[in-house]
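Examination of the molecular architecture
One letter stands for each residue in the lines below.
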Amino acid sequence: MSGTQLPFEHKMSAHCETGTLSSQLAFHGMELSEALIFGIGSGIFFGYFNNKRFAFPTFIVRSKPGQIRKNLTKRLGIKFETEKFKTPQQAQEKLDALLAKGIPPATQVDFFFMDYLPQYLRVHINVHFINVVGKSEGGDYLISDCYYPKIVELAKESLQKGRFAGGSMAPEGFLFYPTFIPKEFDFEKAVRKGIKKACFNMLKIPIPFLGIKGMRKFANHITEWPKLAIDAEDLSHQVSKINILLEDQGTGGAGFRFMYATFLKQAAEILKQPELVDFSKRMMDNGDKWREISLMAARMGRNRDLSVEKLREVGALIHERANVEERFFKELAKVVK
Amino acid sequence: MKEEDLISDYKVQKYILYAEKNDGSYGTVEGGSYIIENDLDDFWHKKNHLEKSLRERLLNNEITPIYYFMVLEEMTVSELASRAGIAKCRVKQHLKPGKFATARVGDLQKYAGAFNVPVANFFQMVLTSNDQNSKYHFYHQEEAAKDRYSIAQTATANAVVILTKVEEKA
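The shown structure was predicted, so the numbers you read here are calculated from the model rather than taken from an experiment. Position numbers for residues count from 1 along each chain, tracking the sequence in the order it is written. Chain letters start at A and ligand numbers start at 1, both assigned in the order the entries are written. At least 70 in pLDDT is required for a residue's local features to be given in this predicted model, at least 80 for side-chain atom pairs to be given and counted, and no such filter applies to totals for whole chains, interfaces and linings, which use all residues.

Focus: the overall build of chain A
Applicable threshold: Only DSSP runs of H or I with at least four residues qualify as helices, and only runs of E with at least two residues qualify as strands; both kinds are numbered from the N terminus onward. Atoms counted for the radius of gyration: C-alpha only. Globule rule: 2.2 Å times the number of residues to the power 0.38. Any residue surrounded by 20 or more other C-beta atoms within 10 Å of its C-beta is treated as buried, while 12 or fewer makes it exposed and the intermediate range makes it partly exposed; C-beta atoms here are placed from the backbone. Contact between two residues is assigned when their C-beta atoms, built from the backbone, lie within 7 Å.
On a plain count of helices and strands, chain A comes out with 12 helices and nine strands. By the compact-globule yardstick of 20 Å for 337 residues, chain A fits well, its C-alpha radius of gyration being 21 Å. Its C-alpha atoms put chain A at 65 × 50 × 30 Å along the principal axes. Within chain A, the fraction of its 337 residues that count as buried is 46%. Considering only contacts in chain A between residues 6 or more positions apart, those separated by 24 or more positions represent 70%.

If you want it as structure tokens, here you go:
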């Protein structure tokens, strides 16, 4: 069997979902930056989870996977064909058929099975998105992963396992590609809606661990962590993970706050509201403070400096961020009305 | 974040980050990760410490192989049950040393799929000369390079049999 590779332009990006969307749209002839996709899709968020579904308390800094794509459909009218499969065979047949037609679909996988990534990154997270852009001569797949510098080959067994890993948010072979891109867009309306929804998500969801409330819950609960850890080394690992979740898991730094600042600067031009430039600067400063927290966590983990007082100090800093972001989103909601 | 504050001389991994560029505009820049560039050895150390303490308990028959892998991969019972396709109450049984022997080979194959290890590795620890589980996913790469022997496991047409080959490195 001879190999095929579609003329897909590989681009590294900060985040897998927005990066994949951006390069999918680019393949179909529409240039839309990652930051703009993130903003219009209301990607910014916060949530703190402390329940049986997680081995240790954890937090998220972005909205539910897939939501950004759905929001793009709602706000810009871009239509995507999406499909889930019952069996791996069906999923592979469909993938092969699409590639034969010249369509490189994006697919959802478990991070763990992406053999080309370094081992320290490969954990079981079911919400990674990659583009499949062709097949090699040996029948393996060519992958454009925005965390990897170039297009890379992945064994078909690994792709299969990644697409059909079970567990929470199981991918079930999910794949998508754009089928319709409108000729004209009402960017102003879309950006306005994206910001409004982000403000709503951060401030008004009536669930005590989502949005700003989640931040406060995190800040209060972090002092309990020593009781939940297996031993001191495990606690150190969990505290270091604060840094990994905020900086390393495709957030563009400081838990997407820098990416959102970039979006707000672009939004100021699109909405012709120069006061948003000021908001963008404030978000950048807010991101810097988040980064200070994550660097502090990394150093605490490294030095095994894990006393309850120190954790309380981190909690106080997170409380401060919650206050700042609460004020920020309240004021932002008024400006974009 | 300012562009000049980034780790620009990254050696291990390149990331795309967002920052205030030197010309004052906001956008993407290339940089390295603080943890990966500075603390990767500590990361391995912690992972190996966890592996060793679990291994000790496993060898003393305090935990089962399923528990060993579940904790190492940071899974919960419900996550593992869903990934392996085994009922939660059965998984709970398989975590008790007294009840592990009631597990069927078919169950073990399902667990093996979820952990991405051969079934045989539930019944053996393949240790290297520097006392590490050579077949654990988070095995220290630099330590592995120091080892005199390489241990390769290859799947066979028989789903429950694996070929384990120990070879002296050239």
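Concerning the domain arrangement of chain A
All names here are of chain A. Counted only if it meets this: Each domain's limits were defined by an automated method or a database of domain assignments.
For chain A, the assigned domains are domain 1 (4-31 + 79-180) and domain 2 (187-335). For domain 1 versus domain 2, the distance between C-alpha centres works out to 29 Å. Tallying the contact residues gives four residues for domain 1 and four residues for domain 2.

Considering the packing of helix α4 (residues 77-84) of chain B against helix α6 (residues 105-115) of chain B
Residue and element names in this part refer to chain B. What counts is decided by this rule: The convention used is that axes are lines fitted to C-alpha atoms, helices contributing only their stretch in contact, and that angles between N-to-C directions extend from 0 to 180 degrees. The scheme is simple: roughly parallel for angles under 35 degrees, roughly antiparallel for over 145, roughly perpendicular for 65 to 115, oblique for anything else.
Relative to each other, α4 and α6 sit at 105°, their axes nearing to 8 Å. With respect to α6, the axis of α4 lies roughly perpendicular. Between α4 and α6, the residues in contact are Leu80, Arg83 and Ala84 and Lys110, Tyr111, Gly113 and Ala114, respectively.

Focus: helix α6 (residues 187-203) of chain A
All names here are of chain A. To keep it simple, the criterion reads: Here, expected helix span is obtained from the residue count minus one, scaled by 1.5 Å. The arc refers to the directions leading from the helix axis to the C-beta atoms.
Given a rise of 1.5 Å per residue, 17 residues ought to cover 24 Å, and the 24 Å separating the end C-alpha atoms of α6 matches this to within 8%. For α6, every residue scored as buried is listed here: Ala190, Val191, Gly194, Ile195, Ala198, Cys199, Asn201 and Met202. Seen along its axis, α6 keeps its buried residues to an arc of 170°; they face one direction. Of the surrounding secondary structure, the elements contacted by the buried residues of α6 are α2 (34-40), β2 (44-49), α3 (67-76), α7 (212-221), α10 (257-271) and α12 (308-335).

Observations concerning unusual backbone geometry
Residues and elements named next belong to chain A. For Glu172, which is not glycine, the phi torsion reads 50° and is therefore positive. Within the secondary structure, Glu172 is located in the loop between α5 (156-163) and β9 (175-180). The class of Glu172 is partly exposed, set by 18 C-beta atoms lying within 10 Å. Located in the positive-phi region is Arg304, a residue other than glycine, with phi close to 55°. Position of Arg304 among the secondary structure elements: in the loop between α11 (275-303) and α12. Judged by the 13 C-beta atoms lying within 10 Å of it, Arg304 falls in the partly exposed class.

Notes on the interface of chain A and chain B
Contact residues are listed per partner, giving 42 residues for chain A and 34 residues for chain B. Elements that contribute at least two residues to the side of chain A that touches chain B include exactly α9 (232-248), α10 and α11 of chain A. Looking at the side of chain A that touches chain B, the element that brings in the most residues is α9 of chain A, giving nine residues.

A few points about the pairing of strand β7 (residues 141-144) of chain A
Residue and element names in this part refer to chain A. Rules: Following DSSP output, two strands are said to pair if at least two bridges run between them.
Alternating positions in β7 separate into two faces, Tyr141 and Ile143 on one and Leu142 and Ser144 on the other, with burial throughout. By the bridge criterion, four bridges tie strand β6 (residues 128-135) to β7 in an arrangement that is antiparallel. Considered in β7, the bridge of Gly134 is made with Leu142. Hairpin geometry of β6 and β7 is characterised by an intervening segment of five residues between the two adjacent antiparallel strands and by a positive phi of about 90° at Gly139. Pairing geometry for β7 and strand β8 (residues 152-154), over three bridges, is antiparallel. The residue of β8 that forms the bridge with Tyr141 is Leu154.

Brief notes about the domain arrangement of chain B
Looking at the assigned domains, one finds that chain B contains domain 1 (3-38) and domain 2 (40-168). The C-alpha centroid of domain 2 of chain B is placed 36 Å from the C-alpha centroid of domain 1 of chain B.

Some remarks on the nonpolar core
For clarity, the threshold we go by: By our criterion, buried Ala, Val, Leu, Ile, Met, Phe, Trp, Tyr and Cys residues that link up through C-beta atoms within 7 Å make up a nonpolar core.
Residues Ile37, Phe258, Met259, Tyr260, Phe263 and Leu264 of chain A together with Leu17 of chain B are the most contacted members of the largest nonpolar core, which totals 68 residues. Excluding residues within four positions of it along the chain, Ile37 of chain A makes contact with Thr18, Leu21, Ser22, Leu32, Ile68 and Leu72 of chain A. Residues Phe112, Phe129, Leu142 and Ala165 of chain A belong to the second largest nonpolar core, which totals 25 residues.

A short note on the pairing of strand β1 (residues 15-20) of chain B
Residue and element names in this part refer to chain B. Among the six residues of β1, six are classified as buried, and the element is accordingly described as predominantly covered. Here β1 shows two buried faces, one formed by Tyr15, Leu17 and Ala19 and the other by Ile16, Tyr18 and Glu20. Alignment of β1 against strand β2 (residues 26-31), held across six bridges, turns out to be antiparallel. Bridged to Ala19 within β2 is Gly27.

Considering the packing of helix α2 (residues 40-59) of chain B against helix α3 (residues 65-72) of chain B
Residue and element names in this part refer to chain B. Quick note on the threshold: Crossing handedness is defined as follows: a turn of the near helix away from the far one that is anticlockwise and smaller than a right angle gives a left-handed crossing, while the clockwise case is right-handed. For this scheme, ten residues count as nonpolar: Ala, Val, Leu, Ile, Met, Phe, Trp, Tyr, Cys and Pro. Four count as charged, namely Asp, Glu, Lys and Arg, and the remainder, Gly too, count as polar.
Interhelical geometry of α2 versus α3 gives an angle of 170° and a closest axis separation of 10 Å. Relative to α3, the element α2 is oriented roughly antiparallel. Helix-helix and strand crossings are classified by hand; for α2 and α3 the assignment is right-handed. Taking contact as the criterion, the partners of Leu50, Glu51, Leu54 and Leu58 in α2 are, on α3, Pro65, Tyr68, Val71 and Leu72. Across the contact of α2 with α3, the residue classes tally to seven nonpolar, no polar and one charged.

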